[in-house]
Amino acid sequence: MYAQLVETGAKRVKSLDEMSPEERAFQERIDAEIKIEPKNWMPDGYRQTLIRQISQHAHSEVVGMLPEGNWVTRAPTLKRKLQLMAKIQDEAGHGLYLYSAMETLGADRDEEIEKLHNGKAKYSSIFNYPTLSWADIGTIGWLVDGAAIVNQVVLQRTSYGPYSRAMIRICKEESFHQRQGYQILLDLMRHGTDEQKQMVQDSINRFWWPALMMFGPHDDDSPNSQQSMAWKIKRKSNDELRQMFIDQTVPQLEFLGCTAPDPDLKWNEERGHYDFGEINWQEFYDVLKGNGPCNRERIATRKKAIEEGAWVREAAVAYAEKQKQRAAA
Ligand code: BYC
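My aim in this report is to walk through the structure given alongside it, one point at a time. For clarity, every value in this text was computed on a predicted model and none was experimentally measured.

## Some words on the site of the ligand
Of all residues adjacent to the ligand, which total 34 residues, the nearest are Gln56, Lys122, Ser222, Lys234 and Asn238. Contacts to the ligand include serine 125, whose backbone N or O atom sits 2.8 Å from a nitrogen atom. The contact in question runs from an oxygen atom of the ligand to an N or O atom on the side chain of serine 222, over 2.7 Å. Expressed as a share of its isolated accessible area of 1,000 Å², the protein-covered part of the ligand is 94%. Where the shell around the ligand is concerned, the elements lending two or more residues are helix H3 (44-63), helix H5 (78-103), helix H7 (134-155), helix H8 (161-191) and helix H12 (281-291). A class-by-class count of the residues in the shell around the ligand yields 13 nonpolar, 13 polar and eight charged.

Okay, structure coming up:
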């Protein structure tokens, strides 16, 4: 499917024999589970793959604040408002650690952000869906942060040191996010009116499939996976992580008293996993091409924020210059 939609095919992984002595030493270091640090030699492809993945990850954190920000003024209680604001601030922090990790690879933050704004860089497909009800805030915390955690717990062992260390801190914060989301849904299901319970089910119906899409295309259709697994940037494949997420999420779904919008979802005793239906990949690739429900709105909002914040950045730079001059005097 992916091959039909983009020109790039799966990237071929070099065998040890085909590698230069430098490349071989690098691969041996990876195989020995020794982290790669910014000043170590690395193949250009490794550097570019990391810049792509970490920048996409950072953009996702920053764009991910927008659907939630939509509900700050309408959170039902002061406690919920404070929790939501704290979560959104955490996402901003995650974006900052990740942009910093990306800069250690020699990438320029402004240039990478510009790529987001002109459509050259991706961010997670999930943030192109709207938040229509308060239950969506619970569902995002539970399903979206839940999917992010499954992916990121594994990334704590990624081969690039700065990315791995950023992930350790991010994971600690994400687990709080996931619990606050689940708590919102539990409260609505336990103490809510029939209408509020229906709101939870409707929200799960809308976010279930997009959450599964977060893990990316099937392994056979994922052009970057093979090389990223060989370099241990990725430690588990897209399909493995998706299955882990389903297996841990379905019991939570049942505990809530809700259902998934998937008639094929059922426990498979033989496999020891849940079976599930096929994702609508056409929808996934449409969203990636910029045609999801909120793509244009998200990018327009980010661009406006950058433009309107220009004076703050200029003031900060002027202040830093002044401090430097004072220190030198
Ligand atoms: N959405 O070869 P593949 C969060 C792209 S947010 C958009 O499998 P790869 C949070 C992929 O980039 C979670 N694009 O790629 C924040 C590639 O395109 P390019 C963000 C996607 O990189 C706020 C192409 O499809 N987490 O935590 O090996 C509130 C082919 O895919 C998606 C991360 O970014 C997608 N869902 O694997 C709440 C985690 N999937 O770049 C929560 C770090 C695939 O070649 N990233 N694509 O043009 C990763 O682990 C990997 O990059 C992915 C994709 C598993 C996502």
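## Some remarks on the layout of surface pockets
As a volume, the second largest pocket reaches approximately 460 Å³. Taken together, 16 residues make up the lining of the second largest pocket; nearest its centre are Tyr99, Ile113, Arg302, Ile306 and Arg313. Put simply, the parts of the chain that give the lining of the second largest pocket at least two residues each are H5, helix H6 (109-117) and helix H13 (295-308). The biggest single contributor to the lining of the second largest pocket is H6, with six residues. The class makeup of the residues in the lining of the second largest pocket is nine nonpolar, two polar and five charged.

## Considering the nonpolar core
Tyr46, Ile54, Tyr160, Trp208 and Leu256 are the most contacted members of the largest nonpolar core, which has 78 residues in total. Setting aside residues up to four positions removed in sequence, isoleucine 54 forms contacts with Leu98, Ala101, Met102, Leu105, Tyr160 and Tyr163.

## Regarding the packing of aromatic side chains
Considering all chains together, one arrives at nine aromatic pairs under this definition. Arranged with centres 5.6 Å apart and planes meeting at 90°, the rings of tyrosine 46 and tryptophan 231 form a pair that is edge-to-face. Placement of the pair is tyrosine 46 in helix H3 and tryptophan 231 in the loop between helix H10 (225-230) and helix H11 (238-256), with a sequence separation of 185 residues. In this structure, tyrosine 46 and tryptophan 231 share a single accessibility class: buried. The structure contains a cluster of three or more aromatic residues connected by ring pairs, namely Phe26, Trp41, Tyr46 and Trp231. Over the ring of tryptophan 71 we find arginine 74, and its NZ or CZ is 4.0 Å from the ring centre.

## Quick look at the pattern of salt bridges
Going through the model one piece at a time under the given rule, you end up with 18 salt bridges. A salt bridge links aspartate 202 to arginine 206, with the nearest nitrogen and oxygen atoms 3.2 Å apart. One end of the pair, aspartate 202, and the other, arginine 206, are both in helix H9 (residues 194-213), four residues apart, so they sit about a helical turn from each other. Between arginine 271 and aspartate 275 there is a salt bridge; the shortest N-O distance is 2.9 Å. Residue classification places aspartate 275 among the partly exposed residues on the basis of a relative accessible area of 22%.

Cut-offs applied
Residues numbered from 1 in each chain as written. Predicted model: local features only at pLDDT ≥ 70, side-chain atom pairs only at ≥ 80, totals over all residues. Heavy atoms only, no water. Near = heavy atom within 4 Å. Polar contact = N/O pair within 3.5 Å; in protein donor to acceptor, adjacent residues only side chain to side chain. Areas by Shrake-Rupley, 256 points an atom, 1.4 Å probe, with all protein chains shown as cover. Helix = DSSP H or I, 4+ residues; strand = E, 2+ residues; numbered from the N terminus. Nonpolar A, V, L, I, M, F, W, Y, C, P; charged D, E, K, R; others polar. 1 Å grid on protein atoms, 1.4 Å probe; cavity = no way out; pocket = protein on both sides within 12 Å on 5 of 7 lines; lining within 4 Å. Points joined across faces, edges and corners; volume = space filled by probe spheres on them. Core = buried A, V, L, I, M, F, W, Y, C linked by side-chain atoms within 4.5 Å. Buried < 20%, exposed > 50% of the residue type's maximum accessible area, 1.4 Å probe, protein only. Contact = heavy atoms within 4.5 Å. Phe/Tyr/Trp six-rings, centres within 6.5 Å; stacked < 30°, edge-to-face > 60°. Lys NZ or Arg CZ within 6 Å of the ring centre and 35° of its normal. Salt bridge = Lys/Arg side-chain N within 4 Å of Asp/Glu carboxyl O.

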